[in-house]
Amino acid sequence: MENLVNVYFYGKRYQVPADLTIMNAMEYAGYKLVRGCGCRHGFCGACATIYRIKGKNELKTCLACQTQVQEGMYVASLPYFPTDKRTYDIQEIRPTEQIMMELYPEIYSCIGCNACTKACTQGLKVMQYIAYAQRGEFEKCAEASFDCVGCGVCSSRCPAGISHPMVGLLARRLTGKYIAPESEHVNKRVKEINHGEYDDLIEQIMQKPITEMQELYNTREIEK
């Protein structure tokens, strides 16, 4: 009992073990998380959460899957943190500086407040990769935004209304399509798959029981 803390989910008080994440604590309290989040059959970044600590006015944002509960924590979740995703055909656009002006002109309204970077749940330098996008340096933008999970917390704090995750996603797509060199071994493997060279192996795997597949996965050789 000494290791329990008082937390409030949607205004109701619960006592939960102090070493749990917010997500695990909600399940401990009886909430059934069956969709939405990546680790609950959804997509990673969907558990963006708002909370504050009792006696303090500051609102904080986090991912519920990686943030530990605290005594007096008041937690609320939004359906999503809105971002504005523009429609485009990657086959028709090109990696020019004008494409950002056309699709995401609001990035040029950035006031340099750095609120996006401070809010990032992954600790990314968000304002920096937006600056790369402004200058048409898509490869640098792609690299700096690579670990983005698209939770949208950065966008919720932006006074300019920038959809940072979508800008980073566009930069990564442009880089992968037009800038980065083609991967010869991937092209070779795709041709082998299309020629049916792995059909028998895939069929063998499909016939294996789940327990055997789990054992193969747990004892697999991981590339360094």
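Just so we're clear, the structure is a prediction, and the values are computed from it rather than from any experiment.

Draft legend 1. Just the overall build of the protein, in detail. Within the protein, the regular secondary structure consists of 10 helices and five strands. The C-alpha atoms of the protein give 22 Å as radius of gyration, which overshoots the globular expectation for 224 residues (17 Å, by more than 25%). In terms of principal-axis extent, the alpha carbons of the protein reach across some 60 × 55 × 30 Å. For the protein, with 224 residues in total, the buried portion stands at 33%. When contacts within the protein are restricted to residue pairs at least 6 apart in sequence, long-range pairs at least 24 apart make up 56% of them. Total accessible area on the protein is roughly 14700 Å²; 51% of this is exposed by carbon and sulfur atoms.

Draft legend 2. Broad picture of the sheet that holds strand S3 (residues 48-53). Taken in spatial order, the five strands of this open sheet run S2-S1-S5-S3-S4, and their pairing is mixed. The strands lining the two open edges of the sheet, one partner per strand, are strand S2 (12-17) and strand S4 (60-63). Taken pair by pair, the neighbouring strands of this sheet meet at an average axis angle of 35°, ignoring direction.

Draft legend 3. Local environment of the pattern of salt bridges. Taken as a whole and judged by the stated rule, the model has seven salt bridges. Between Lys 188 and Glu 192 there is a salt bridge, and its shortest N-O distance comes to 2.6 Å. Residue Lys 188 and its partner Glu 192 are located together in helix H8 (residues 184-194), separated by four residues, close to a single helical turn. Note on Glu 192: relative accessible area 11%, which makes it buried. Taking the shortest distance from any N to any O, the salt bridge between Lys 208 and Glu 212 comes out at 3.1 Å.

Draft legend 4. Structural detail: helix H4 (residues 126-134). Taken together, the buried positions of H4 are occupied by Val 126, Tyr 129, Ile 130, Ala 131, Tyr 132 and Ala 133. Where H4 is buried, its residues touch helix H2 (97-103), helix H3 (115-119), helix H5 (138-144), helix H6 (153-156) and helix H7 (164-179). Of the residues trailing H4, Gly 136 is marked for its positive phi of about 75°.

Draft legend 5. Looking closely at the packing of H4 against H7. Following both chains from N to C, one finds H4 and H7 inclined at 50°, their axes separated by 10 Å at the closest point. Classified by the angle their axes make, H4 and H7 are oblique. Handedness of the H4/H7 crossing: left-handed. Residue-level inspection shows Val 126, Tyr 129, Ile 130 and Ala 133 of H4 in contact with H7, the latter providing His 164, Pro 165, Val 167 and Gly 168. Of the residues in the contact of H4 with H7, the class split is six nonpolar, two polar and no charged.

Draft legend 6. Inspection of the packing of aromatic side chains at higher detail. Within the structure shown, the criterion is met by five aromatic pairs. Ring centres of Phe 9 and Tyr 14 lie 5.7 Å apart, and the angle between their planes is 35°; on these two criteria the pair is classed as tilted. For the pair shown, Phe 9 and Tyr 14 are each scored as buried. Here Tyr 14 and Tyr 31 contribute two aromatic rings whose centre-to-centre distance is 5.9 Å and whose plane-to-plane angle is 70°, an arrangement assigned as edge-to-face. Residue Tyr 14 is located in strand S2, and its partner Tyr 31 is located in the loop between helix H1 (22-28) and S3; the two are separated by 17 residues in the primary sequence. Classification of Tyr 14 by relative accessible area gives buried; the value is 16%. The positively charged end of Arg 52 is found above the aromatic ring belonging to Tyr 74, 4.9 Å away from the centroid. Sitting over the ring of Tyr 217, Arg 220 keeps its end group 3.9 Å from the ring centre.

Parameters at a glance
Residues numbered from 1 in each chain as written. Predicted model: local features only at pLDDT ≥ 70, side-chain atom pairs only at ≥ 80, totals over all residues. Heavy atoms only, no water. Helix = DSSP H or I, 4+ residues; strand = E, 2+ residues; numbered from the N terminus. Rg over C-alpha atoms; globule rule 2.2 N^0.38 Å. Buried < 20%, exposed > 50% of the residue type's maximum accessible area, 1.4 Å probe, protein only. Contact = heavy atoms within 4.5 Å. Areas by Shrake-Rupley, 256 points an atom, 1.4 Å probe, with all protein chains shown as cover. Pairing = 2+ DSSP bridges. Axes fitted to C-alpha atoms, helices over the stretch in contact; angles between N-to-C directions. Salt bridge = Lys/Arg side-chain N within 4 Å of Asp/Glu carboxyl O. Parallel < 35°, antiparallel > 145°, perpendicular 65-115°, else oblique. Left-handed = near helix turned anticlockwise from the far one by under 90°. Nonpolar A, V, L, I, M, F, W, Y, C, P; charged D, E, K, R; others polar. Phe/Tyr/Trp six-rings, centres within 6.5 Å; stacked < 30°, edge-to-face > 60°. Lys NZ or Arg CZ within 6 Å of the ring centre and 35° of its normal.

Any link to function would need more than the numbers given here.
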